[in-house]
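Examination of the molecular architecture
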Amino acid sequence: MNYGLLDFVGNIGVALMMIAYLLLQLDKMKNGLLYSVVNAVGSSLVILSLLSNFNLSAFVMEAFWVLISLVGIVRHFLIRPTEAQSVQ
């Protein structure tokens, strides 16, 4: 087995996602913008790693992970101004 740069990139992506999830479970991170961004970046890195050794199932899972994370990012920016207005 050859371990290349793209494998390393994918492992960094997996580590980011696992650390974010662990911190969420330990109440060290909120389920908010940072969590969504870390998950989007991590899953994007895993997708990049699939360029060297494509796996359809892994690609589909990571693509949905990116999309779901993007939903969280968009909701953060759309909902926060609304919440701030309702508090005033």
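Definitions and cut-offs
- Residues numbered from 1 in each chain as written.
- Predicted model: local features only at pLDDT ≥ 70, side-chain atom pairs only at ≥ 80, totals over all residues.
- Heavy atoms only, no water.
- Helix = DSSP H or I, 4+ residues; strand = E, 2+ residues; numbered from the N terminus.
- Buried < 20%, exposed > 50% of the residue type's maximum accessible area, 1.4 Å probe, protein only.
- Contact = heavy atoms within 4.5 Å.
- Expected span 1.5 Å × (residues − 1).
- Arc of directions from axis to C-beta.
- Core = buried A, V, L, I, M, F, W, Y, C linked by side-chain atoms within 4.5 Å.
- Phe/Tyr/Trp six-rings, centres within 6.5 Å; stacked < 30°, edge-to-face > 60°.
- Patch = residues over 30% accessible without salt bridge, like charges linked within 9 Å, V, L, I, M, F, W, Y side chains within 5 Å.
- Areas by Shrake-Rupley, 256 points an atom, 1.4 Å probe, with all protein chains shown as cover.
- Salt bridge = Lys/Arg side-chain N within 4 Å of Asp/Glu carboxyl O.
- Axes fitted to C-alpha atoms, helices over the stretch in contact; angles between N-to-C directions.
- Parallel < 35°, antiparallel > 145°, perpendicular 65-115°, else oblique.
- Left-handed = near helix turned anticlockwise from the far one by under 90°.
- Nonpolar A, V, L, I, M, F, W, Y, C, P; charged D, E, K, R; others polar.

This part is about the overall build of the protein chain. A count of helical and extended segments in the protein chain gives three helices and zero strands. When the helices and strands of the protein chain are read in sequence order from the N terminus, they spell out α-α-α. For the protein chain, buried positions account for 26% of its 88 residues. When contacts within the protein chain are restricted to residue pairs at least 6 apart in sequence, long-range pairs at least 24 apart make up 59% of them.

For the rest of this paragraph, the subject is helix 1 (residues 5-25). For helix 1, built from 21 residues, the straight-helix expectation of 30 Å at 1.5 Å per residue is met to within 8% by its first-to-last C-alpha distance of 30 Å. Looking only at helix 1, the buried set comprises Val 9, Gly 10, Gly 13, Met 17, Ala 20 and Leu 24. Around the axis of helix 1, the buried residues are gathered within 100° of arc, so they sit on the same side. Among the residues trailing helix 1, Asp 27 stands out with phi positive, at a value near 60°.

Residues Ala 20, Leu 24, Met 29, Tyr 35 and Val 38 constitute the largest nonpolar core, which totals five residues. If you list the elements that add at least two residues to this core, you get helix 1 and helix 2 (33-49). Setting aside chain neighbours within four positions, we find Tyr 35 in contact with Ala 20, Tyr 21, Leu 24, Met 29 and Lys 30.

Moving on to the environment of Phe 77. Take Phe 77: it is sitting in helix 3 (residues 56-87). Separated by 44 residues in the primary sequence, Phe 77 and Leu 33 place their C-alpha atoms 8.7 Å from one another.

The next thing to look at is the packing of aromatic side chains. In this structure the tally under the stated criterion is one aromatic pair. Ring geometry for Phe 54 against Phe 59: centres 5.6 Å apart, planes inclined by 45°, an arrangement best described as tilted. For Phe 54, a relative accessible area of 53% gives the class exposed. Note on Phe 59: relative accessible area 32%, which makes it partly exposed.

Turning our attention to a nonpolar patch on the surface. Among the surface-exposed residues, Phe 54, Leu 56, Phe 59, Val 60, Phe 64, Leu 67, Ile 68 and Leu 70 lie close enough to one another that they form a single nonpolar patch of about 800 Å² accessible area. Looking at the secondary structure, you find Val 60 in helix 3.

What follows is about the packing of helix 1 against helix 2. It is the contact of helix 1 with helix 2, at a shortest axis distance of 7 Å, that shows an interaxial angle of 155°. On the basis of the axis angle, helix 1 is roughly antiparallel to helix 2. For the pair helix 1 and helix 2, the sense of crossing is left-handed. On helix 2, the residues touching Leu 6, Val 9, Gly 10, Ile 12, Gly 13, Val 14, Leu 16, Met 17, Ala 20, Tyr 21 and Leu 24 of helix 1 are Tyr 35, Val 38, Asn 39, Val 41, Gly 42, Ser 43, Leu 45, Val 46, Leu 48 and Ser 49. Per-class residue counts for the contact of helix 1 with helix 2 are 15 nonpolar, six polar and no charged.

As far as function goes, none of this settles anything; it's purely spatial.
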